[in-house]
Amino acid sequence: MKENRMKTMAWLIISVCFLITIFFGYQIVQKSRMETDLDKYMPQDHPAFVYSDQAEAWFNIKDGILIAVENEQGIYNSGTLQKIKDITLQLQAMPEFEAADVVSLFTADNIVGTEDGLDVRSFYREVPSSAEVLKKLQSDVETNEMVHGRLVSEKGNVALVVAALNDTAFSMEFYQKILAFAKSFEGPEKVYVAGVPVVEGTMAFLGPKDMKTMVPIVVLVIVLVLYTVMRSVRNTFSTLMVVLLSTIWTFGLLALLNIPIYAVSIMIPVMLIAIGVADGIHLYSHLDLFLMENKGATKVQAITNMLKNMWKPVMMTSVTTAIGFISLLTSEVLPIKYFGLFTAFGVMAAMVFSLFLIPSFIFVLGTKKQKTLKTKDQSHTGFGADFAVKVLKNKVLVISITVILGVFSIVGIGKVWINSSFLENFEKSSDIVQTDAFINQYFGGTSTINVILESENEGVMTKHETLQLLSEMQLNVEKVEKVGGSFSIADYIKRMNKVMHADDEDYNKIPDDDELIAQYLLLYEMSGDPENLWKVTDYDSKKANLTFQLKSDNSKELKKAIVAIEIFKPRLEELGISLNYAGSGYKALVFTGLILEGQIKSLVMSVIIIILLITLMFRKFTIGLIGSVPVVLTALLSFGLMGLLNIPLSTTTALISSIAVGIGIDYAIHFIERYKIYSQETGDKLLTTKLTMSHSGRAITFNAVVVILGFLVLLFSVFPPNRSLGALVSFNMLTSFVATVTIMYLLIYKSNIFFKKKS
Amino acid sequence: MKKSQFAALVLLAGLISLAQPVWSQMNGKQIMEAVYARPSGSDLQGDLAMTLTNKQGDERVRQLRQFITDNGSIEKTLMFFLSPADVRNTSFMSWSYADGKDDDQWIYLPALKRTKRISSDSKGDYFMGSDFTYDDLGDRHPDEDNHTLLREEKLGNYDCFVVESTTKQPGYMYSKTITWVNKDNFIGLKREFYDEAKMPLKTLYIHKFEKINGFWTILETEMVNTQKNHRTKMVFSNVKINQGIPDNKFTERSMTLGQ
């Protein structure tokens, strides 16, 4: 009777869970969408981004796709020049580009001075064929600093076509189209495609794509390892179901609420896999031990005992983990808020499955065959018990190692940095990195920092004092190792001054006469393309845009350039000019800083919340402190090691420390809860430790082994950020696990909690 | 070839009817020929205030005094900047030739105290950073396009022909233009320009025109570039026509004398 009712109940639970899963699965299929536009990731109302967006609009600052045409024999021949012309014209005709945003030797103004005047011409319109005209073209280019080294390499073997692109216009299809387009111009020339949109776009695409191939393998390995430790197809199946269903529910809810999947959202299944298997392992571990100790117990008895003993730690671990993730809501970055909130939802879903679905499965599928259960009682003599004793014996060693690691980590944490580089996410040997290096070898650099200067007063940017300072600043900042070039309004004035003095190099400087500067600008507007001027200054000369080119997008290199720029801030301020930054590279730098800061803030908050929650659960503050030890150690080591080894974090790997909260807390609570139960049952401290280590310690070990092996698979990923993800998850699992069964256990033992009355 | 300012005044606007009674039978080509043939004076002087507005709404105003003469084969233009102050007395002269030869252009920079020749191929298409190309300001011969009368409609208070003109020259910067021609005086009152990809590019508006010394003359016009969200307004004042400006006004020496 009772069993029949339970059976109906079990089937009902299973049906409801699967129906809801089908509903969420349908939502995913119907409504899921990826967000690859990186601007959408940034907090739109953060002052740095608001400012940068505004400045980008003022000066039409966009990232450019770079097409490099290389001819080892030199580009000054009709074939190569024809290709440069064709590439330029065909790019201009593409709907993704505005004609004025495509720049090459073909479109460039050649402003040259002659004895009696000024000549503003194209370098060529019709492709020249006579040797004489080609020679003339070559010398025109070589004597024009505004083109030489910018659009044509100094050696004359590579020419660039730069096509600035709106942020939203880039897609993988478009990239493929551009690649095919570029390839069609090959032979004998080589044609390369690079630029920030290409790198960003490919990364946004490659990460999730690689994850799609890797996650099934991770799951497969986890299945195999789960089976190896559980020795049961049913147990493996239902544990896995918890993870899969909670992932589907989470992504289904995202789709239902019409929230796009961001790049960091791929971390949600990573977290759910690592955390979700824990409940199943602990439940089954308890069930197995119960059946071992109580031969002949019925299914109903076994399930009842399991739930009675385990509902509390399963619920406590899940709630604390969820609260840990919810603390990510303090982040300023929207996708990370979603990541925190929805991982929390997934964790709660996994809890519901563990408490309802797993017992239902056990009921319907039955328990493990009794014969596979070893009859030997391991509690007093097994590996777990031995280990418990050994830790006690070597307590000095354990404590010393912990302290040493802790100290090293704290030193390391000071050195943690997050690299906003997109390029360094790719293999050194990948086409993207190679092309970028190739272009950096011949030109100023593929990355840019825009320095925006502003004054309250009209005309300040065209005053000779300002321009001379700008010119000096450009020269000085260009001395920074990776800074390869710069461009500003000062370059126009220098060029005009030189050509108006019959190309005399002595006049390649800013003149001391403000009226002359104003007249040069007027002259340029009348003879050249005035649009070019509005990329470096504005209508009333209150603002200027100074562009620095860098041969690397590494955060450290960007910061070095910024340090060199900041030196000029006081002198600019004397002229009433304020200095700010803009552009995608700078935004990425600020953005990653926000992520790191938010992550550390949320970790500190989680630890405080965890201490409070554990204190509340076990009604003792000491336990709260001890329980937080694995969490704190995992987080410390995770950041500390990265800092010490000078391995930069990335946007996604920074989030992995959240796993420290999720896992560390689970281990601690399961362990302490079990310790508490045994302490009450036995009243013997040593026996309690032995039993706890054999019971909880065993489950924790299984859990750690399963997840570590699963995530180590990611080391074989073709996408380097996913490799670091795998390594870091595994490392965090290992730290949490070792910290729980060594130092935390030792602290519990030494603190005599639960034994107060007797000792 | 670049066409001048003068032609701008005269041709964009200066469209006097040849044979008013025949309008009902006129086709597109005849209408545009009537626009082209509208008489203009042989010289003009006056002040021009040019206001440029960019997409952020920033404005720049330049004031110039200009002198134009046209003897049928050479059109000579001389302009002096009156403001802003730091470019005052900067002067610009251009001679453009009816036979299609490249324009001759000179600039005098008072801060440098030197007159320089400027040579430029068709790249310097836009007139002084404005939304007008030299072509927009010039007299495009009706034979260069195919014309179709699309419809007749009212534009404001004026009865207009609406004529579509499609270029015969491949690769020309405008694939087509659509012009609203005032039936009464053959002044083009509005013109839409379409780019090479046949997308709307710019719209020209004539805000004010008057008969001066017997010639219809445009006094206020605006070009709006809808793709760049940029606009240029030109306001002419103190316009005098056929005052007999001496030819020696248009010399390098007189450029240096200021106005």
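Thresholds applied
Residues numbered from 1 in each chain as written. Chains lettered and ligands numbered in written order. Predicted model: local features only at pLDDT ≥ 70, side-chain atom pairs only at ≥ 80, totals over all residues. Helix = DSSP H or I, 4+ residues; strand = E, 2+ residues; numbered from the N terminus. Buried ≥ 20, exposed ≤ 12 C-beta atoms within 10 Å, placed from the backbone. Expected span 1.5 Å × (residues − 1). Arc of directions from axis to C-beta. Contact = placed C-beta atoms within 7 Å. Domains from an automatic or database assignment. Nonpolar A, V, L, I, M, F, W, Y, C, P; charged D, E, K, R; others polar. Pairing = 2+ DSSP bridges. Axes fitted to C-alpha atoms, helices over the stretch in contact; angles between N-to-C directions. pLDDT = per-residue confidence, 0-100.

On to the overall build of chain B. Looking only at helices and strands, chain B features four helices and 13 strands. Of all 259 residues assigned to chain B, the portion counted as buried reaches 41%.

Further remarks concern helix α18 (residues 555-566) of chain A. Residues and elements named next belong to chain A. End to end, α18 covers 16 Å across twelve residues, agreeing with the expected 16 Å (1.5 Å per residue, within 8%). When we look at burial in α18, the residues that qualify are S555, L558, A561 and I565. Along the long axis of α18, the arc covered by the buried residues comes to 125°, so they all point the same way. Elements in contact with the buried residues of α18: β7 (447-455), α14 (464-477), β8 (483-487), β9 (543-550) and α20 (584-618).

Residues and elements named next belong to chain A. Assigned domains of chain A: these are domain 1 (1-31 + 231-358), domain 2 (64-219 + 435-582) and domain 3 (377-413 + 592-759). Each of domain 2 and domain 3 has a C-alpha centre, and the two are 53 Å apart. With seven residues, helix α6 (residues 196-230) is the single largest residue contributor to the side of domain 2 that touches domain 3. Considering only residue class, the side of domain 2 that touches domain 3 consists of five nonpolar, two polar and one charged.

Moving on: the sheet that holds strand β1 (residues 63-70) of chain A. Picture the strands of a sheet paired through backbone hydrogen bonds; they go either parallel or antiparallel. Residues and elements named next belong to chain A. Reading across the sheet, the four strands line up as β2-β5-β1-β6 and stay open at both edges, with antiparallel pairing between neighbours. Two strands close off the open sheet at either side, each with one partner strand: β2 (102-103) and β6 (190-194). Where β1 meets strand β5 (residues 158-165), eight bridges bridge the pair, whose relative direction is antiparallel. The residue bridging G64 from the neighbouring strand is A164, located in β5. Sheet strands in contact with helix α5 (residues 172-183) are β1 and β6, and its direction is about 160° off that of β6.

All right, on to the confidence of the model for chain A then. For chain A, per-residue confidence averages 87 on the pLDDT scale, and 96% of positions sit at 70 or higher. Confidence scores differ between elements of chain A, with strand β4 (residues 117-122) of chain A showing the lowest mean pLDDT of 75 and α14 of chain A the highest of 96.

With that settled, the discussion passes to the interface of chain A and chain B. Counting residues at the interface gives 26 residues for chain A, matched by 24 residues for chain B. Of all elements in the fold, only β4 and α16 (514-527) of chain A reach the threshold of two or more residues within the side of chain A that touches chain B. Considering each element in turn, the side of chain A that touches chain B owes the most residues, ten residues, to α16 of chain A. Its residues assigned to classes, the side of chain A that touches chain B comprises twelve nonpolar, four polar and ten charged.

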